[in-house]
Amino acid sequence: MTPADIEVEFSNLAMLVTADHVEIGDLNDRWATLKSEANSLRSAVKAAEADIMANTLFDGKNQQIRDAQFHLACQKSSAWSEATEALAGTLLDIEACERDIDLRNKSLRAKELQMAFRIEQMSFLNTPRFYKEI
């Protein structure tokens, strides 16, 4: 491999690293947006539960029966069901986004190691000893 080839490889890797940094930044923004959306959906679920608790009469003899009646009332509530489904979907999106960020970080680390290898190649090729051996 000639020094010119190494320089081309290094510049290509540098462009890929820059693109990875941009992509990681976009994924971090998406992750933050999804986290805030999940928090608002949790609030919506809690509000629906509070509404059910305030507007439903639970006539069970013990706490276990009242809890079962509360969960049944939650399942029948369309607002609670929609908010819970939306929250579950958002949590799945958050997990996928976190996996994507981890993959991009690992890819970025591999590219940085490749760049360091190219730098070492250039430093070896630029030594007078290399040319004496050839």
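Preceding block: the structure.
Scope of this entry: the structure provided in the associated data block. On a predicted model such as this, the values are computed, not experimentally measured, just so you know.

All chains considered together, the criterion is met by three salt bridges. With its nearest N and O atoms 3.7 Å apart, the salt bridge here joins Glu9 to Arg118. Of the two residues, Glu9 sits in helix H1 (residues 3-55) while Arg118 sits in helix H3 (residues 78-125), which places them 109 residues apart along the sequence. Glu9 sits in the partly exposed class, given a relative accessible area of 31%. Salt-bridge contacts for Asp20 lead to Lys111; the nearest nitrogen and oxygen are separated by 2.8 Å. Taken together, the residues span a long stretch of sequence, with Asp20 in helix H1 and Lys111 in helix H3 at a distance of 91 residues.

The end-to-end C-alpha distance of helix H2 (residues 63-76) is 20 Å, a good match for the 20 Å that 14 residues give at a rise of 1.5 Å each. Within H2, burial applies to Phe70, Ala73 and Cys74. The buried residues of H2 occupy an angular sector of 100° when the element is viewed end-on, so they sit on one face. Among the exposed residues of H2, those oriented more than 90 degrees off its buried face are Gln64, His71, Gln75 and Lys76.

The rules behind the values
Here the residue numbering is sequential within each chain, running from 1 through the sequence in written order. Where local features are concerned, this predicted model is filtered to residues with pLDDT of at least 70; where side-chain atom pairs are given and counted, the filter is 80 or more; whole-chain, interface and lining totals use all residues. Hydrogens are left out, water is left out, and the side-chain values use all remaining heavy atoms of the structure. A pairing counts as a salt bridge when a side-chain nitrogen of Lys or Arg comes within 4 Å of a carboxyl oxygen of Asp or Glu. Working definition: helices are DSSP H or I runs of at least four residues, strands are E runs of at least two. Numbering for both runs from the N terminus. Throughout, exposure labels follow a simple rule: accessible area from a 1.4 Å probe, protein chains only, divided by the maximum for the residue type, with under 20% read as buried, over 50% as exposed, and the rest as partly exposed. Any helix carries an expected span of 1.5 Å times its number of residues minus one. This arc is taken over the directions from the axis of the helix to the C-beta atoms.

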